[in-house]
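Each chain, letter by letter, is given below.
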Amino acid sequence: MIKGIKGCAGAVLAAVLLAGCAGGSAQTEVTTAVAKSGRDLSSMVWQGTVEALSTVDVMANGSGKVVEIPAAEGQHISAGDVIFRVDNTDAALAQAQAGYDAALAAFTSAQKASEQNTSVAPARIEYTDAKNNFARMQELFNANAVSQVDYENAKSRMDTAAAKLQAAINGQESNLDAASAQRDSAKAALDIARKKLDDCAVTSPITGMITKINVETGQTVSPQTVGATVIDDSGEKV
């Protein structure tokens, strides 16, 4: 009887152990990863200022009084458009043009005279005649056919004609050089007058929008005066 009880108890213990083993096999899966240091930027807040791509201060190239402001703040303009104008110098330009025209005419005349030998040709003819006459007198003098006085007079005439010829050549070249220098000087003055006239129109160097006009009609400005501000509104940057 006791053996029978022991046998039942052993059977029950084995059943419990088997049930415990069976329940332990159902475990939760865990995923592992290597730990790294860093910062999660997905939740951070960034601050910045939105600006135009570029901003340009517009200033006059010379000094003068503002006579016209054809542009306005907030206006969209293209590169080269006039924002304001200073004193007009048409009178100075006209005077410079007249001076250049006169100098050019004088140079043209001197150049033509040089090409045609206007002053040199007569002197050259006179020298050639005197030279030929002296050559004949020298032959006659060697043959004792003329006097010493006639010989010296012929030589003096030739020397004088040679000096006049050289003076004519030098004068012709000098006149041409002087006329050329006057022409160049007048051309430089004309270029300056044209530049001053161009500078009267103060234009925008870029395409964009006028955000500020700092001058008024009647105000005197200089190259240090910021007359206007223009921004490139084709895009933005942060």
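Here, every reference points to the structure presented above.
Read on for a plain summary of the structure. A quick note: this is a predicted structure, and the numbers were derived from the prediction, not measured.

Conventions we followed
Residues numbered from 1 in each chain as written. Predicted model: local features only at pLDDT ≥ 70, side-chain atom pairs only at ≥ 80, totals over all residues. Heavy atoms only, no water. Salt bridge = Lys/Arg side-chain N within 4 Å of Asp/Glu carboxyl O. Helix = DSSP H or I, 4+ residues; strand = E, 2+ residues; numbered from the N terminus. Buried < 20%, exposed > 50% of the residue type's maximum accessible area, 1.4 Å probe, protein only. Pairing = 2+ DSSP bridges. Contact = heavy atoms within 4.5 Å.

## A look at the pattern of salt bridges
Turning to step 1, where the next piece is worked out: As enumerated under the stated definition, the model contains five salt bridges in all.
Turning to step 2, where the next piece is worked out: Where Lys187 meets Asp191, a salt bridge forms, and the shortest distance between an N and an O atom there is 2.9 Å. Of the two residues, Lys187 and Asp191 are both situated in helix α4 (residues 148-200); the distance of four residues between them amounts to about one turn of the helix.
Turning to step 3, where the next piece is worked out: Taking the relative accessible area as the measure of exposure, Lys187 reaches 31% and is therefore partly exposed.

## Some points on the sheet that holds strand β8 (residues 220-221)
Turning to step 1, where the next piece is worked out: As summarised here, the arrangement of the four strands in space is β6-β5-β3-β8, forming an open sheet in which the pairing is antiparallel. Of all strands in the sheet, those with a lone pairing partner are β6 (201-203) and β8, marking the two edges.
Turning to step 2, where the next piece is worked out: Judged from the three bridges that link them, strand β5 (residues 82-86) and β6 form a sheet pairing that is antiparallel. The partner of Val82 across the bridge, within β6, is Thr203.

## Things to note about the environment of Asn214
Turning to step 1, where the next piece is worked out: Assignment of secondary structure puts Asn214 in the loop between β7 (208-213) and β8.
Turning to step 2, where the next piece is worked out: Judged by its relative accessible area of 33%, Asn214 is partly exposed.
Turning to step 3, where the next piece is worked out: Along the chain, Asn214 and Glu73 lie 141 residues apart, while their C-alpha atoms are 9.8 Å from each other.
Turning to step 4, where the next piece is worked out: Excluding residues that lie within four positions of it along the chain, Asn214 makes contacts with Gln219, Val226, Gly227, Ala228 and Thr229.

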